[in-house]
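Below are the chains, spelled out letter by letter.
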Protein chains: 2
Amino acid sequence: MSGKVLNMDELKKILINKGVKPSIQRLKILEILLKKGHPSVDDIYRALIDEIPTLSKTTIYNTLNLFLEKGIAQAFTIAGDNELRYEYLNSPHAHFKCTKCGKIYDIELNCDVFIKKEINGFRINKALVYFEGICNECQNSKIS
Amino acid sequence: MSGKVLNMDELKKILINKGVKPSIQRLKILEILLKKGHPSVDDIYRALIDEIPTLSKTTIYNTLNLFLEKGIAQAFTIAGDNELRYEYLNSPHAHFKCTKCGKIYDIELNCDVFIKKEINGFRINKALVYFEGICNECQNSKIS
DNA sequence: TTCTCTGCAAACGCTTTGCACGGAT
DNA sequence: ATCCGTGCAAAGCGTTTGCAGAGAA
């Protein structure tokens, strides 16, 4: 949930740097990945369909799979969910889902494993960490 | 991948303790969860169809969802996979998938977060950790 | 023109649902 | 007789594939 907002030129640069030809669809999807927290394909679709009425989910899938390939985004699942979620690929972090309010937080991890990227002699190229529990806010507001 | 092997009476006890009425299907599925590493529904189906020729996948889904409810098993996904995997619910640990040999390992985690079950004041009820990389064995055998 | 991107429609695969049969109590 | 577990068939839903038309170079 970086919430970063970039203009079109900056978005273009990101894509070109990663070897992806910009298009309005790709730029807009990238923009959402940078702004929104952890959108699913449907989230992205609903966010863009007004602005780009011809947009199809196929294009979103194509684009996201391209982003995965090029290392621009990464995919993960919320436990028990049947849909993939995507996020802009930056520093490794954990996801925390509050089972009360449903909000998903990004959590920094300082454990050795995630810094050294190695465990028991196994080289780690990718790490996904998912927590479920009750967030601070919900613990304090005792209204059930 | 506990590899534990229990007899039918011991399996029965586990189910009854968790409030699940034993049946041959449920016992056999539990047995597989205790023996096998991280089976998918299809893994379980193929493991049992010879022994129980009338077995249907619906029953496996029913049983596993019951196990999830009762805290007997937990579900997770391997990144990029479209099918759920299940495992007997015991001490929290990480999964490590070697992208070369495809093997899935269980990894013990000693980080604070996983022991204290608390981070930044957020109470953690559930933790899923997934690593991807190259396992020791594959690093040593340089045959690509 | 040539090549790539887009997007509709259909296919696909995992999971859930509806429902009827059958065994257990 | 009632209840519940089982399993067939069909539906549901997220994702991928095939393909044709549009657009960029």
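This is a predicted model, so every value here is computed, not measured.

**Q** What is the right way to read the interface of chain B and chain A from this model?
**A** It is common to give the size of an interface as the accessible area lost on bringing the parts into contact. At the interface, 29 residues of chain B touch 29 residues of chain A. Per-residue buried area on chain B facing chain A is highest for Phe122, Arg123 and Phe131 of chain B; these three make up 22% of the total on that side. At the junction of chain B and chain A, the tally comes to 0 salt bridges. Taken together, the links from chain B to chain A amount to 13 residue pairs in polar contact (both at pLDDT 80 or more). Of all elements in the fold, only strand S4 (104–107), helix H5 (112–116), strand S6 (122–134) and helix H6 (136–140) of chain B reach the threshold of two or more residues within the side of chain B that touches chain A.

**Q** When you look at the side chain of Lys28 of chain B in this model, what are you seeing that I'm missing?
**A** Residue and element names in this part refer to chain B. By the secondary structure assignment, Lys28 is in helix H2 (residues 24–35). Under the relative-accessibility criterion, Lys28 is labelled buried at 12%. Engagement of the side chain of Lys28 in a polar contact is seen with the side chain of Glu51, the distance being 2.9 Å. Ignoring sequence-local partners within four residues, the contact set of Lys28 consists of Met8, Leu48, Glu51 and Ile52.

**Q** Looking at this structure, I do not really get the protein's contact with DNA strand D. What am I missing?
**A** Within the structure, DNA strand D sits among 16 residues, and Tyr61 and Leu84 of chain A together with Ser23, Thr54 and Ser56 of chain B are positioned closest to it. At the protein interface, 76% of the atoms of DNA strand D within 4 Å belong to sugar or phosphate. Side-chain polar atom of Ser23 of chain B to a phosphate oxygen of DNA strand D: 2.3 Å apart, as the coordinates give it. Within the side chain of Thr54 of chain B, a nitrogen or oxygen atom sits 2.7 Å from a phosphate oxygen of DNA strand D. Of all the secondary structure elements, the ones that give two or more residues to the surface near DNA strand D are helix H4 (57–69) of chain A together with H2 and helix H4 (57–70) of chain B. Here the residues of the surface near DNA strand D sort into 3 nonpolar, 10 polar and 3 charged.

**Q** So what exactly am I meant to see when it comes to the relation of the copies chain B and chain A here?
**A** Here the two chain copies are tied together by a rotation about an axis and a shift along that axis. For the pair chain B and chain A, the best superposition has an RMSD of 0.1 Å and corresponds to a rotation of 180 degrees with a translation of 0.1 Å parallel to the axis. Both chain copies can therefore be described as sitting about a two-fold axis. Looking at the rotation axis and the C-alpha trace of chain B, the residue lying nearest is Val129 of chain B, at 2.2 Å. When the interface residues of chain B are mapped onto chain A, 100% of them again fall at the interface, so both copies present the same face.

What counts, and at which threshold
- Residues numbered from 1 in each chain as written.
- Chains lettered and ligands numbered in written order.
- Predicted model: local features only at pLDDT ≥ 70, side-chain atom pairs only at ≥ 80, totals over all residues.
- Heavy atoms only, no water.
- Contact = heavy atoms within 4.5 Å.
- Buried area = accessible area lost by both parts, 1.4 Å probe.
- Salt bridge = Lys/Arg side-chain N within 4 Å of Asp/Glu carboxyl O.
- Polar contact = N/O pair within 3.5 Å; in protein donor to acceptor, adjacent residues only side chain to side chain.
- Helix = DSSP H or I, 4+ residues; strand = E, 2+ residues; numbered from the N terminus.
- Buried < 20%, exposed > 50% of the residue type's maximum accessible area, 1.4 Å probe, protein only.
- Near = heavy atom within 4 Å.
- Nonpolar A, V, L, I, M, F, W, Y, C, P; charged D, E, K, R; others polar.
- Least-squares fit on C-alpha atoms with pLDDT ≥ 70 in both.

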